[in-house]
Amino acid sequence: MPRTRTPAVDGWFGGEGEAFRLLGTRCSSCASVFFPREDAHCRNPHCAGGPLEEVPLSRKGSIWSYTDSRYRPPSPYVSNPELPWEPRALIAVELAAERIVVLGQAAAGITVADLAVGMEVEVVPGVLHEDAETTWTIWHWRPTGVRV
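The model shown is predicted, which means the values in this text are computed figures rather than measured ones.

Participant: Pulling in residues and values, what's your account of unusual backbone geometry?
Facilitator: The peptide bond linking F35 to P36 adopts the cis configuration, its omega dihedral lying at 0°. Within the fold, P36 resides in the loop between β4 (33-34) and β5 (52-56). For A31, which is not a glycine, the phi torsion comes out positive at approximately 70°. Within the fold, A31 resides in the loop between β3 (21-27) and β4. Exposure remark for A31: the relative accessible area of 44% places this residue in the partly exposed category.

Shown next, in the form of structure tokens:
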């Protein structure tokens, strides 16, 4: 029986293939963009606020910083304590058009040895966890031109 694909965090990303995007919000008054999304009020302290609208974020950005995780992460990440922990590279990506930095895991098979500050990466769909009925999806960052 196929597993149901369910976003680990509803409303933060969507789409398939080349249409896969992180979803943020933009203030209609000051044009500030937020991720994770903001649905209540503008976070810009210099803005009186205005209606917030959902916006798809850029698919590509440049590595601002990166590291590897050497510990089991807390919830909502799930790991089986009976299996050995496999470190994942974590990447902070600057989206130039939005003027924000977004953190995420590297795609499977990408290590810190494959990364460099300033390198172009793209957002791709990934799997956070699977159980008997559900595949919990998330976003990952992958260097452009790399297929893993």
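Participant: Quick one: what's the story with the packing of aromatic side chains, residue by residue and with numbers?
Facilitator: Taken as a whole and assessed by the stated rule, the structure comprises five aromatic pairs. Summarising the aromatic geometry, the rings of W12 and F35 are spaced 5.5 Å apart at their centres and angled 65° between planes, so their arrangement reads as edge-to-face. A residue pair is termed long-range when its members are at least 10 positions apart, and W12 in the loop between β1 (4-7) and β2 (13-14) and F35 in the loop between β4 and β5 qualify at 23 residues. Seen from their ring centres, F35 and W139 are 5.4 Å apart, and the 85° between their planes marks the pair as edge-to-face. Placement of the pair is F35 in the loop between β4 and β5 and W139 in strand β10 (residues 134-143), with a sequence separation of 104 residues. The pair F35 / W139 is uniform in exposure class, with both members buried. Here the aromatic cluster, defined as three or more aromatic residues joined through ring pairs, consists of W12, F13, F20, F35 and W139.

Quick notes on the rules
- Residues numbered from 1 in each chain as written.
- Predicted model: local features only at pLDDT ≥ 70, side-chain atom pairs only at ≥ 80, totals over all residues.
- Heavy atoms only, no water.
- Helix = DSSP H or I, 4+ residues; strand = E, 2+ residues; numbered from the N terminus.
- Buried < 20%, exposed > 50% of the residue type's maximum accessible area, 1.4 Å probe, protein only.
- Phe/Tyr/Trp six-rings, centres within 6.5 Å; stacked < 30°, edge-to-face > 60°.

Any link to function would need more than the numbers given here.
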